Amino acid sequence: MSGFRHVVMFKWAEGTTTGQQEEVAARLSELPGLIPEIREYVMGTDAGLSPGAYDFVVVADFADADAFRVYRDHPAHRTVADDLIAPIMAERAVVQHER
C-alpha cells in the first residue's frame, strides 16, 4: 500500500485523570467519521511493559501528504488537539512518512 502515515505519541502531564484520557480517546475516535481523508486510524494506551514509554499513540494513514494536511488543519481535529490534548500533554513525539 502506498500512502502517507502520521504517528504521534504523547506523555500526559502529572495529574492527568483517567477521565481526561478517556475523553481524548473518545473524541479522537470520532475523527474518521468527520474527516474522509483518513484511510485508517488506530490509537491506544501504552501497555506499561517498557520503562520510559509514552502513554498514548495515534497512527493515521492517508492517501498522501495533502490528505494529511487536510486532517491536520480540520476544525474537528484542531478542537481535540488544542482544547483536550494540549492542556494535559507533557511531551509529544511525531513523525510523518511515505509508505
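That block above? That's the structure.
Residues numbered from 1 in each chain as written. Predicted model: local features only at pLDDT ≥ 70, side-chain atom pairs only at ≥ 80, totals over all residues. Heavy atoms only, no water.

## Regarding the overall build of the protein
This is how it is decided: Each helix is a run of H or I in the DSSP string that is no shorter than four residues. Each strand is a run of E no shorter than two, and both are numbered from the N terminus. Classification of residues uses two cut-offs on accessible area relative to the type maximum, computed with a 1.4 Å probe and protein chains only: under 20% is buried, over 50% is exposed, and between them is partly exposed. Should any heavy atoms of two residues lie within 4.5 Å, those residues are counted as being in contact. Accessible areas in this description were obtained via Shrake-Rupley with a 1.4 Å probe; residue shielding takes into account the shown protein chains only. Just so you know, the count uses Lys and Arg for positive and Asp and Glu for negative, and it drops His and the chain ends. Every charge is mapped to an atom, namely NZ of Lys, CZ of Arg, CG of Asp or CD of Glu.
Along the protein, the regular secondary structure elements total three helices and four strands. Secondary structure elements in the protein, listed N-terminal to C-terminal, are β-α-β-β-α-α-β. Across the 99 residues that make up the protein, the buried fraction comes to 29%. Taking all contacts inside the protein whose residues are at least 6 apart in sequence as the whole, residues at least 24 apart take part in 75%. Here the protein displays about 5,700 Å² of accessible surface, and carbon together with sulfur accounts for 51% of that area. With 9 positive and 16 negative side-chain charges, the protein shows a spacing of 6 Å between the two charge centroids.

## A look at the sheet that holds strand β2 (residues 38-45)
Condition: When DSSP finds at least two bridges between two strands, those strands are taken to pair. Here, axes are lines fitted to C-alpha atoms. For helices the fit covers the stretch in contact, and angles between N-to-C directions go from 0 to 180 degrees.
Read from one edge of the open sheet, four strands run β2-β3-β1-β4, paired in antiparallel fashion. Single-partner strands in this sheet number two, and they are β2 and β4 (89-98). When the angles between neighbouring strand axes are averaged without regard to direction, this sheet yields 10 degrees. Note: strand β1 (residues 4-12) against strand β3 (residues 56-62), seven bridges, orientation antiparallel.

## Looking at the side chain of Asp61
Following the sequence through the fold, Asp61 ends up in strand β3. When neighbours within four sequence positions are excluded, Asp61 is seen to be in contact with Phe4, Arg5, Glu37, Ile38, Arg39, Glu40 and Arg99.

## Digging into the side chain of Thr16
To keep it simple, the criterion reads: Any N or O atom pair separated by 3.5 Å or less is treated as a polar contact, with the protein-specific requirement of one donor-capable and one acceptor-capable atom, and with residues adjacent in sequence counted only for side-chain atom pairs.
The topology assignment puts Thr16 in the loop between β1 and α1 (18-34). The exposure class assigned to Thr16 is buried, which follows from its relative accessible area of 16%. For Thr16, the side chain forms a polar contact with the main-chain oxygen of Ala13, separated by 2.7 Å. Excluding residues within four positions of it along the chain, Thr16 makes contact with Gln21 and Ile88.

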